[in-house]
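Remarks on the overall topology
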Amino acid sequence: METTSQAVAQALGTEGSGSLPSTRRTVDGYLLAPFPWYGLDEAFTGPRWLMQVGTAADGAVEHGSLGHGDEPSVKNEYAVGSGDEPREKFAVVVTVAASPVRRSADGTGLLEATSVSSAAWLAGVGLLSFTWPGQMDHSLRDDWLEQQTETAWALADDLTGPEWSTLSLPVDGVPTPFHYRESEFGWVLAGSTSEGVHVGAYGRGMSAYGLGFAMIKEIKAYA
């Protein structure tokens, strides 16, 4: 998708900060989106918080993320693969506008179509942004991120592959099939809605099997 490089930059821009960027508190970008946002349904009663939106070259909002639960940090005290209980328990929902192949705003090129794979890719990269194997030296993290990002892209491009299973979860109360995978870093899932958007999600410490998704009636409730 056209905003892939920007999405990666946003997702990985938290390195070394120890917390989410302050810009995630801005609701303005969410209000500009021409599509509905999705989050966890009302069965989830924990904290909800804004993250950030992704835009095309012309500034049009194309996707964005919303957080639920504990606010994760890059330097999580949870050591990946240690078998310890994660100290931060969260789920992030990614909404991606469903778009066909179309001309760019300036008419000079074409924008790629978005699909469930787009949502799976953004969710996979998002999970990486809060993952740092505890045994890894800081100087090696860039190489590790590059390798894992390429892996996330390959996995998102093959949703029928052996790394994925099918999971049915409610979306606006309707059972909906999702592509689902787990790793030592957490879980990722992706599917589509009847409202013209694709939904991806990622998390750690919260089971994906008990989640439900719903269209957000008031985005300001996340601010």
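Let me sum up the structure you'll find in this document. The structure presented is a predicted model; accordingly, all values stated were derived computationally and were not measured.

**Quick look at the overall build of the protein**
From N to C terminus, the protein includes four helices and 11 strands. Here the protein, with 223 residues, has 53% of them falling under the buried criterion. Within the protein, contacts between residues at least 6 apart in sequence are counted, and of these 64% link residues at least 24 apart. Surface accessibility of the protein: about 10,400 Å² in total, with carbon and sulfur atoms responsible for 51%.

**Here's the deal with the pairing of strand β4 (residues 90-97)**
Summarising burial for β4: eight of the eight residues are buried, a large majority. The two faces of β4 match: Phe90, Val92, Val94 and Val96 on one face and Ala91, Val93, Thr95 and Ala97 on the other face are all buried. As defined by bridge partners, strand β3 (residues 61-69) adjoins β4 across seven bridges and the pair is classed as antiparallel. Its bridge partner lying in β4, Ser65 is registered against Val94. Examined bridge by bridge, β4 and strand β10 (residues 197-204) share eight bridges and lie antiparallel to one another. Bridged to Val93 within β10 is Ala201.

**Topic: the packing of aromatic side chains**
This structure, assessed with the given rule, holds seven aromatic pairs. Note on Phe90 and Phe130: the rings are 6.1 Å apart at their centroids and 75° apart in plane angle, and the pair reads as edge-to-face. One end of the pair, Phe90, is in strand β4; the other, Phe130, is in the loop between α3 (116-128) and α4 (141-156), and 40 residues separate them in sequence. Note on accessibility: Phe90 and Phe130 belong to one class, buried. Ring pairs connect the aromatic residues Tyr30, Phe35 and Trp37, which therefore count as one cluster.

**Quick notes on the nonpolar core**
Core analysis: the biggest nonpolar cluster contains 59 residues, and Tyr30, Trp37, Leu189, Tyr202, Phe213 and Ile219 have the highest contact counts within it. Here this core takes nine residues from α3, the largest share from any one element. The residues contacting Ile219, other than those within four sequence positions of it, are Val27, Tyr30, Leu31, Trp37, Leu50 and Leu66.

Thresholds applied
Residues numbered from 1 in each chain as written. Predicted model: local features only at pLDDT ≥ 70, side-chain atom pairs only at ≥ 80, totals over all residues. Heavy atoms only, no water. Helix = DSSP H or I, 4+ residues; strand = E, 2+ residues; numbered from the N terminus. Buried < 20%, exposed > 50% of the residue type's maximum accessible area, 1.4 Å probe, protein only. Contact = heavy atoms within 4.5 Å. Areas by Shrake-Rupley, 256 points an atom, 1.4 Å probe, with all protein chains shown as cover. Pairing = 2+ DSSP bridges. Phe/Tyr/Trp six-rings, centres within 6.5 Å; stacked < 30°, edge-to-face > 60°. Core = buried A, V, L, I, M, F, W, Y, C linked by side-chain atoms within 4.5 Å.

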